[in-house]
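Fold and contact review
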Amino acid sequence: MPGADPLVFKSVFLGIDGSRMFNSRHIRLGSREEGDSNYKTRLVDTLLAGGFVAERDGTLEWLYYLSSTEVQKGQWRAFMIEEDGDSPDSAKGWRKRPRPVASASRMADDREPQTGITIAEIHLFIEALNTWMLSQRRNQLPSYRGAMAFARLPTEAEWEFAARGGLVTSKARPLLFDSRHPYGDAIAAHEWLGLNSGVGAHAQEVAKKEPNPLGLYDMLGNVQEYTINLFGPEYQQGRFGQYAIRGAKYNDTPANVSVASRTEAQPYFDDGTLPREDWIGFRLALGTAISASHGGPAEFDRAFAAYARENGLPHPGPTGESSPASQATQDAVRLLQEEREQLRRDNKRLSAELMALQLGASAGPAPSAQAHNVDALRTAERRIQELQRERDALQATLGSSTDQRRRLEAALRTANERNAEMEADTSQVATLRDRLSEREEELARLRDRVAQVATRSEYGSEDVTHHSVEEKQLGALVVSLKSELKQRSSSNIELSSMNDQLRDTIAGARREISHLTRERDALKSEVTELSGQNAAFRPDMEILNSEAATRLLADKEKELERARQRIAIKDQEIVKNLGRVRFGERRLVEALLRQASANAYLGFRSLVQAEEILKLRPSPVRDKRYLERHNEGQQMVRDYWRIVVEIAQDTDPALFDAVKREVEDWLADREESGDPGRQRRSLDMIARHVSMVRGGVTLRPPDLVRSFTQQPEFR
């Protein structure tokens, strides 16, 4: 850096195969602490990928880079120059220098983090820095397949994974990786907080404390840091505000420090002035442009298709074999399997340590036997405390299921309401089509009368004028009806998309059930293991015969009982969720049956009208009304068949008959006097066609269109 400390970047390896062009690591963002989960920090599963590859322990892996410190004032001033406001009272701002400048002498605050800046000024600095790096230090930058590195703000996922200590902590000390910070009881040695920043606390020089396990300084203290993500509830809930800020600051207490903490930036005060806070700074990440990598679009497509196949992403495939729901379930199962393997490794390690304690306690009398036993007891108590923390972290992970169920219920209620709207719109569309057909027939008759009047001498010009005016009025009415019909059809399409949302909701509930089942099984395994440990401990407790031994045994019995209670709770949650999934599937089958029956009835009526026109017109191909009716009927039948295939392949056969009876009763109640009930009878045709598809028989839509009006259920 010109006239300032060098900008140092540390590698953050991800432990995923770097030989593949696309790869990612499943991570979990948010708080694992019980009672510390809110709309900002609720647990969310996501993916993290790098922008570079390098060898680690002889294996090529993906990684990304983070600057070891926050950007310092000396580094900032090399590229930015301060300017006065428009008046003495107005705030000062920053602008880019024409070229980087090395100051003649170092300033006292050069190594303090740069604060008091806006996000727009940060992006100006990054732009100037990238220009200088690519033109003056290109040979020092990493690259991937020809794409050169560039500086940017880190994402929230990149920041949190690194702040927890990355692979260094997650592999060696997984309990610490899931805690509030990776420092244990030594946070004061690593971060500037209120307890060590002194009177009149303020930002301190960077890199004066010990780094975190990845060699990154001041990640959770000194000043908070901007990320490139917009702030949203649960990270990606869908509603986004301003930029997300991470970390803690120099006057925070240790109890308030958490890797999961998030804050939303305030870009403006109410009067329009710009906040320039002295506790918010930023650090940089290095990335690469994906499309700038060597390789054409075809190679990119092949690589991503391979990644999608292996990682459970939705990809094209036959209906019923590959869907977003099934792919999401596979993705969740894969993540749970990884967590289960990690728990097994942790249990194996803890069991080995426990065995060592037991052997030490039963080694026989010795001059220092009593002291050795006391030490063994203390060590065992510490290990049990670690076990308890691990159980608490697991319970915090499971705690989010209640809110997930609430969202599921709300989504199901919304889907039911929208289905009701779709049914009302379907009825209105049918009425509109009837009115449109009547008006078009009336318009055709009137045109014939006008033509006859124009050629017959016994009628006067006033009659012709009168009929022409009436023709124009009817023509305008037909245009209006067509417009309204088009709007209703668009609304019907929009409401039909709610079925897709309902399917996604059901898939989410299934994933939650799978997740809860596996965690329940893991808890059962832990109970079994703890029971075995208790049995092994009892002889040692009898030998030691001390008050501490009795207390330790009682604590372990309580821990076992708590674990059994959690298993019972998870069993109840699984039963409740199965009921909710069953309810959602019934509503989905009901919505599909209503939609299929409406398409069948409207398709039948349009095709019948086309056939009637065909009987009256010598050249139907040139008749606009015939083409409109035939095309409408053809499209309705095609949509009908698509829904039939979906019912056959993607719904539970055991639900069909009961739901069909409900829809029949619903349609019967809506039928008016004289209604032949064709839409209700079409449900029998749907049942027949669904049975055919499930039996391996299918129909070509063009063949079905030709024979649709002759289906036995319509006779």
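Just so you know, these numbers come straight off a predicted model, no measurement behind them. (Residues numbered from 1 in each chain as written. Predicted model: local features only at pLDDT ≥ 70, side-chain atom pairs only at ≥ 80, totals over all residues. Heavy atoms only, no water.)

Once that is clear, we can look at the overall build of the protein chain. Scanning the protein chain from N- to C-terminus turns up 15 helices and 14 strands. Split into buried and exposed, the 715 residues of the protein chain put 46% on the buried side. The long-range fraction of contacts in the protein chain, counting pairs at least 24 apart against all pairs at least 6 apart in sequence, stands at 74%. Entry remark: accessible area of the protein chain is about 36100 Å², with carbon and sulfur atoms responsible for 50%. (Helix = DSSP H or I, 4+ residues; strand = E, 2+ residues; numbered from the N terminus. Buried < 20%, exposed > 50% of the residue type's maximum accessible area, 1.4 Å probe, protein only. Contact = heavy atoms within 4.5 Å. Areas by Shrake-Rupley, 256 points an atom, 1.4 Å probe, with all protein chains shown as cover.)

Among the eight residues in helix α3 (residues 156–163), eight count as buried, and that is most of the element. With its phi angle positive at about 105°, Gly165 sits one or two positions after the end of α3.

Even without being a glycine, Asp57 presents a positive backbone phi close to 55°. Looking at where Asp57 falls in the secondary structure, it is placed in the loop between β4 (52–56) and β5 (59–67). Even without being a glycine, Ala207 presents a positive backbone phi close to 60°. Tracing the backbone shows Ala207 in the loop between α5 (174–177) and β10 (224–230).

Attention now moves to the sheet that holds strand β12 (residues 262–264). One open sheet accounts for four strands, arranged β12-β11-β10-β13; its pairing is mixed. Every other strand in the sheet has two partners, leaving β12 and β13 (280–281) as the edge strands with one partner each. Bridge count for β10 against β13 is two bridges, and the pairing is parallel. Bridging across to β13, Gln224 finds its partner in Ile280. (Pairing = 2+ DSSP bridges.)

Let us look at the confidence of the model for the protein chain. This prediction gives the protein chain a mean pLDDT of 75; 59% of its residues lie at or above 70. Every residue in residues 312–329 is under pLDDT 50, and counting partners more than four places away or in other chains gives 24 contacts. (pLDDT = per-residue confidence, 0-100.)

Before going further, it helps to examine the pattern of salt bridges. All chains considered together, the criterion is met by 30 salt bridges. Arg20 serves as the salt-bridge partner of Asp17, at 3.7 Å between the closest nitrogen and oxygen. The partner of Glu713 in a salt bridge is Arg688, with the nearest N and O atoms 2.8 Å apart. Taken together, the residues span a long stretch of sequence, with Glu713 in the segment after α15 (701–707) and Arg688 in helix α14 (residues 678–694) at a distance of 25 residues. Since its relative accessible area comes to 14%, Glu713 is described here as buried. Given the relative accessible area of 29%, Arg688 is considered partly exposed. When salt bridges with common partners are traced through the structure, they connect Lys73, Arg77, Asp109, Asp110 and Glu112 into a single cluster. (Salt bridge = Lys/Arg side-chain N within 4 Å of Asp/Glu carboxyl O.)

Attention now moves to the side chain of Thr118. Mapped onto the fold, Thr118 is located in the loop between β7 (93–96) and α2 (119–136). Classification of Thr118 as buried rests on a relative accessible area of 12%. In contact with Thr118, not counting residues within four places along its chain, are Leu274, Pro275 and Arg276.

Here we come to the nonpolar core. Formed by 68 residues in total, the largest nonpolar core has its most connected members in Phe79, Phe125, Leu129, Phe161, Tyr226, Phe282 and Leu284. With eight residues, the single largest contributor to this core is α2. When sequence neighbours within four positions are dropped, the list of residues in contact with Phe79 reads Met1, Pro2, Arg95, Lys96, Arg97, Pro100, Phe125, Ala128, Leu129 and Trp132. One finds Phe604, Ala648, Leu655 and Phe656 within the second-largest nonpolar core, a separate group that totals 30 residues. (Core = buried A, V, L, I, M, F, W, Y, C linked by side-chain atoms within 4.5 Å.)

Time to look at the packing of helix α13 (residues 653–670) against α14. Axis separation between α13 and α14 bottoms out at 9 Å; the angle between their running directions is 165°. Comparing their axes, α14 and α13 come out roughly antiparallel. In terms of crossing hand, the pair formed by α13 and α14 is right-handed. Where α13 abuts α14, its residues Pro653, Phe656, Lys660, Val663, Glu664, Leu667 and Ala668 lie against Gln679, Arg680, Leu683, Asp684, Ile686, Ala687, Val690 and Arg694. Considered class by class, the residues forming the contact of α13 with α14 number nine nonpolar, one polar and five charged. (Axes fitted to C-alpha atoms, helices over the stretch in contact; angles between N-to-C directions. Parallel < 35°, antiparallel > 145°, perpendicular 65-115°, else oblique. Left-handed = near helix turned anticlockwise from the far one by under 90°. Nonpolar A, V, L, I, M, F, W, Y, C, P; charged D, E, K, R; others polar.)

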